[in-house]
Every structure is written in structure tokens, then in C-alpha cells.
Amino acid sequence: MRHCLACITLALILYCVGARGQSTSPPPAPLTVIRAGTLIDGVSEAPRKNQLIFVRGKRVEKVADGSAAIPSGSHVIDLSNATVLPGLIDAHTHIFLWGEDPNKGGYDANILKAGIALRAARATYAARRALEQGFTTLRDLETEGAGFGDIEIKQAIEEGTIPGPRIFGATRAISTTGGYNLEDYAPELEMPKGAQLVDGPVEARKAARQQLEHGADWIKVYMTHRSWVDKQGNLVSQPTLTVEELKAIVDETHGWQKKVACHAYNGIGLQRALDGGCDSIEHGLEISDAQIAQMQRQGTWYCPTISAYYGDWAQADTPAGKRDRARAAVHEISFKKAIEARLKIVFGTDMGGIPWTEPIAQEFARMKSLGMAPMDAIQSATSRAAEMLDMKGEIGVIAAGAYAEVIAVPGDPLKDIGELGNVRFVMHDGAVFRNEITK
Ligand SMILES: [Zn+2]
């Protein structure tokens with residue numbers, strides 16, 4: 001009898017579950033329609049007037065002409081007096097870095113004076129700052145001694161605990177002995193380092209494996225470290241990893257279907273970065289014509305981070321001051337050559353090295369002043385960066401099927417690129433984070 005009762009109970013449960021299963025194809029998410037006065041969609045070469053962006057859930061359902069019918073009951077956001085763009089992508093940031101101002105202890109204070117909770121709080125602030133300014137995606141290229149904290153901040157954002165952009169994290173980054181801070185302390189002191197230091201291909205591969213195991217979306221490698229001006233007045237950079245060491249990292253990382261970003265200023269280190277198969281060159285201050293050609297052949301991405309080399313120069317008559325000026329001088333030439341050669345350029349700032357209180361969009365003005373057309377600069381921070389991140393069609397574009405990453409500025413950024421520093425509306429993954437345009 002008891003056996004039979006159990007059967008009946010089980011049958012009833014199964015019936016109920018089945019019945020519920022049949023009746024609960026979930027209702028469609030509510031529809032939001034954004035009326036865009038001007039739409040720069042991230043891919044098209046020209047803006048379009050009076051467009052409607054239909055957003056359902058986290059995604060764009062379709063984009064239609066302004067005359068299309070809006071279903072009754074939809075939530076309408078009127079941005080008809082604004083320019084609407086895809087959420088921006090900064091492809092080179094450090095949310096865990098809190099400036100490098102010598103008057104505030106420089107780089108070293110980040111590691112020596114701030115505990116992990118303070119650093120996490122600052123990274124939380126940085127993530128929010130980025131989103132407020134319309135940067136809905138960051139490629140965050142190293143935590144500067146804060147371990148795997150970027151992946152945990154990313155987790156906190158994804159679970160909705162804190163606001164922030166979509167993050168592609170690189171965790172600890174890799175360099176060699178003598179190839180990263182902290183340095184210049186008494187040799188008998190065992191100082192913490194801002195990156196994971198390796199020597200030899202075996203250690204290099206192991207470091208990549210450890211970082212990938214703990215969630216790195218990209219691997220960041222330092223291919224140059226110190227730089228100075230030699231007797232002939234040339235900028236020289238100390239190379240770090242050998243080609244064999246880098247190849248071990250690239251081989252391992254590509255096996256995980258991930259990519260390798262290489263910090264490389266110029267000279268031997270930059271050449272090794274290209275010969276070793278780096279996917280993106282970070283900074284690339286001085287790129288020779290042969291290296292430009294090699295980047296074209298290999299399809300290497302170029303993330304120039306111009307702004308970072310124009311702030312806080314040391315005094316002109318000091319070695320550091322000469323170095324700072326030489327860096328900016330050669331960088332300009334390289335960037336112009338890269339535009340000419342149609343290299344794949346992505347927007348990146350090195351925020352964190354630049355204080356997070358400063359505007360991220362300052363890089364747009366730098367790019368334009370060195371000859372980049374405003375639409376190209378916008379695409380470098382939208383569809384081009386998305387392609388580098390293997391997110392083509394999903395972010396960096398406003399089109400059917402993409403994530404609903406939508407921002408708006410009051411003016412016309414094609415006339416005044418500075419408008420991109422004036423973001424007044426931010427939608428991230430279909431949710432409005434900021435709206436100071438419509439009340
Ligand atoms: Zn950096």
C-alpha cells in the first residue's frame with residue numbers, strides 16, 4: 001500500500017511538472033524602443049537620421065526607419081535630439097591601477113601602500129567610471145600586483161553586485177627577471193612584483209597556463225621594459241622575453257583559443273613580439289617600415305594608447321625628461337604611418353596609468369589631432385575593437401542580434417570629436433544605466 005501511495009505521489013509530481021513545462025514558454029521580455037535623432041551604428045561609414053532601435057531583453061531585436069510602427073505598450077526612449085552610438089570599448093585599461101604620480105608615491109604606492117580591499121574598492125570605482133562615460137566594454141590588461149582580482153570584479157559585475165562594463169581580463173601579465181616593477185630596492189629585499197616574472201620557455205608556458213586556468217580572457221606580455229635615450233639621441237628599450245619564451249606563451253594561449261597582447265615600445269623587443277606571433281601590439285611607440293609591413297602581413301592589431309605619453313613629462317633637461325619627449329615624438333610618426341598603412345588600429349588609453357578621475361575620451365582628440373578621421377576613431381572604439389575581442393556583431397555595433405549597448409551624446413561627434421566626452425545616456429546589456437537626456 002505504501003508502495004502504491006509513493007507511485008501515485010510520484011505520478012502526480014511528474015504530471016504537475018509536465019503540465020507546468022507545457023504552459024510556461026516564458027512571455028517575451030518587454031520591448032523598449034529608442035528613437036535616435038542620428039545613429040552612428042559603429043560599422044556604417046555614414047550616420048543615419050531618425051532611426052528606431054528595438055531592444056528586447058539584453059539584445060537589439062531590429063533597427064528600423066523612424067516611420068516604422070511602434071507596438072503599443074512599448075517603452076519609448078526619446079533620443080531624437082541626440083546622436084546615438086554603440087557602447088564604446090577601451091581596449092587597454094588597468095582598473096586596479098591608481099595613477100603613477102611621483103608626488104603620490106608613483107607606481108610603487110599602488111602595491112606597497114594599498115591593501116587588497118582598498119585596491120578592490122578603487123577597481124570598483126574605475127569600473128563604474130568607465131560605464132558612466134559610455135565605455136561598456138574594457139580589455140583590462142593586467143592587475144598590477146592585484147593577482148586575479150580583475151576576474152573577480154568581472155564576476156561581481158556579471159552577478160549584478162556592482163555596476164560596470166563587460167570586462168576582458170588579463171590577470172597578472174608576464175615579464176622576465178629584471179623586466180618589471182617593483183625595482184631599485186636593496187638587492188637583499190624580496191620585493192613584490194607587478195607582473196608574473198618568468199625565465200625560460202617552460203616557466204613562460206606554465207605562467208600562461210596558470211593565468212588561463214584562473215580565468216584570463218587575454219594573456220598580457222611585456223616585451224620591453226625600461227627605455228632611455230642613447231648618445232645618438234635614439235629611443236632605446238630594454239627587451240625582455242626571448243622569441244622562444246614568447247612562442248611558448250602564444251602557442252599555449254592560442255590552444256585555449258585566446259589571444260596575446262604584447263606591450264612593446266620599439267627595437268629588439270618589438271621585433272621579438274612580432275616574430276613570436278603577438279596578436280596585438282600595445283603602445284608601439286616606434287615601429288619601423290619593415291615592422292609595419294610585418295604587422296600588415298600577420299594581421300596584428302595596434303593599440304597605440306597615445307594620451308598616456310603626453311601627460312606628466314619629467315623636466316626637459318633630465319634623462320627621464322628627454323626620454324618622455326623622445327617617446328611622444330616617435331609615437332606620432334608611428335601612428336601616422338599606421339593610419340597610412342591601414343593597420344588594424346584599436347582605441348586604448350592605459351587608464352589607471354592615467355588617473356581614473358580623468359576623461360577616457362581624451363584619446364579620441366589625440367587620434368584626430370594626429371590625422372585619424374573621426375569616423376575611423378569611433379570605429380576603432382566600436383566595431384574594430386569588437387572584432388579584436390572576437391565579438392564581431394555582438395558588441396561595438398547597433399544592429400539586430402547585437403547586445404543592446406547604446407550611448408548618446410547631445411551634439412555631433414563627427415564635427416566635434418570632443419562630444420564623445422559628453423555622454424549623457426548609457427544602456428548596458430539592455431538596461432538603462434544613465435539617462436540625462438530624457439526625463
Ligand atoms: Zn598598460
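In short, a report on the structure.

### Observations regarding the overall build of the protein chain
For step 1, the next point in the chain: Along its length, the protein chain carries 12 helices and 19 strands.
For step 2, the next point in the chain: What you see for the protein chain is a C-alpha radius of gyration of 24 Å, in line with the 22 Å of a compact globule of 439 residues.
For step 3, the next point in the chain: Dimensions of the protein chain, computed from the C-alpha atoms along their principal axes, are close to 90 × 65 × 45 Å.
For step 4, the next point in the chain: Within the protein chain, buried positions represent 52% of all 439 residues.
For step 5, the next point in the chain: If you take every contact in the protein chain between residues at least 6 apart in sequence, the share linking residues at least 24 apart comes to 67%.
For step 6, the next point in the chain: Just so you have it, the protein chain exposes about 19600 Å², and 54% of that area is on carbon and sulfur atoms.
For step 7, the next point in the chain: Placing the 47 positive and 53 negative side-chain charges of the protein chain at their respective mean positions leaves the two points 4 Å apart.

### A look at the sheet that holds strand β6 (residues 135-140)
For step 1, the next point in the chain: Overall, parallel pairing links the three strands, which are arranged β5-β6-β7 in an open sheet. Unpaired on one side and paired on the other, β5 (88-93) and β7 (166-169) mark the two borders of the sheet. Across the sheet, the axes of successive neighbouring strands diverge by a mean angle of 15°, strand direction being ignored.
For step 2, the next point in the chain: Both β5 and β6 contribute to a ladder of four bridges, which runs parallel. Looking across to β6, one finds that L88 is bridged to F135.
For step 3, the next point in the chain: The strands touched by helix α4 (residues 149-158) are β6 and β7; relative to β7, the strand with the most contacts, the crossing angle is about 160°.

### Topic: the coordination of the zinc ion
For step 1, the next point in the chain: Looking at the zinc ion, the protein donor atoms are H92 (NE2), H94 (NE2) and D350 (OD), and they sit 2.1 to 2.2 Å from it.
For step 2, the next point in the chain: Taken in chain order, the donor set of the zinc ion reads H-x1-H-x255-D. A residue pair is termed long-range when its members are at least 10 positions apart, and H94 in the loop between β5 and α2 (106-112) and D350 in the loop between β16 (344-345) and α10 (362-369) qualify at 256 residues.
For step 3, the next point in the chain: Given the relative accessible area of 13%, D350 is considered buried.

### Quick word on α10
For step 1, the next point in the chain: Looking only at α10, the buried set comprises E363, F364 and M367. Seen end-on, α10 carries its buried residues on one side only, within an arc spanning 105°.
For step 2, the next point in the chain: For α10, the secondary structure elements touched by its buried residues are β5, β6, α9 (319-340), β16 and α11 (374-380).

### What to know about the nonpolar core
For step 1, the next point in the chain: Of all hydrophobic cores here, the largest spans 70 residues; its most connected members are I95, V221, I249, V260, C262, I281 and F364.
For step 2, the next point in the chain: Element by element, the count of residues in this core is highest for helix α3 (residues 116-132), at five residues.
For step 3, the next point in the chain: Once residues lying within four places of it in the same chain are set aside, the contact partners of C262 are V221, M223, L246, A273, C278, S280, I281 and E282.
For step 4, the next point in the chain: With 17 residues, the next largest nonpolar core counts F168, W301, C303 and A385 among its residues.

Parameters and conventions
- Residues numbered from 1 in each chain as written.
- Predicted model: local features only at pLDDT ≥ 70, side-chain atom pairs only at ≥ 80, totals over all residues.
- Heavy atoms only, no water.
- Helix = DSSP H or I, 4+ residues; strand = E, 2+ residues; numbered from the N terminus.
- Rg over C-alpha atoms; globule rule 2.2 N^0.38 Å.
- Buried < 20%, exposed > 50% of the residue type's maximum accessible area, 1.4 Å probe, protein only.
- Contact = heavy atoms within 4.5 Å.
- Areas by Shrake-Rupley, 256 points an atom, 1.4 Å probe, with all protein chains shown as cover.
- Lys, Arg positive; Asp, Glu negative; His and termini not counted.
- Charge placed at Lys NZ, Arg CZ, Asp CG, Glu CD.
- Pairing = 2+ DSSP bridges.
- Axes fitted to C-alpha atoms, helices over the stretch in contact; angles between N-to-C directions.
- Donors = N, O, S within 2.8 Å, 3.2 Å for Na, K, Ca; no water.
- Arc of directions from axis to C-beta.
- Core = buried A, V, L, I, M, F, W, Y, C linked by side-chain atoms within 4.5 Å.

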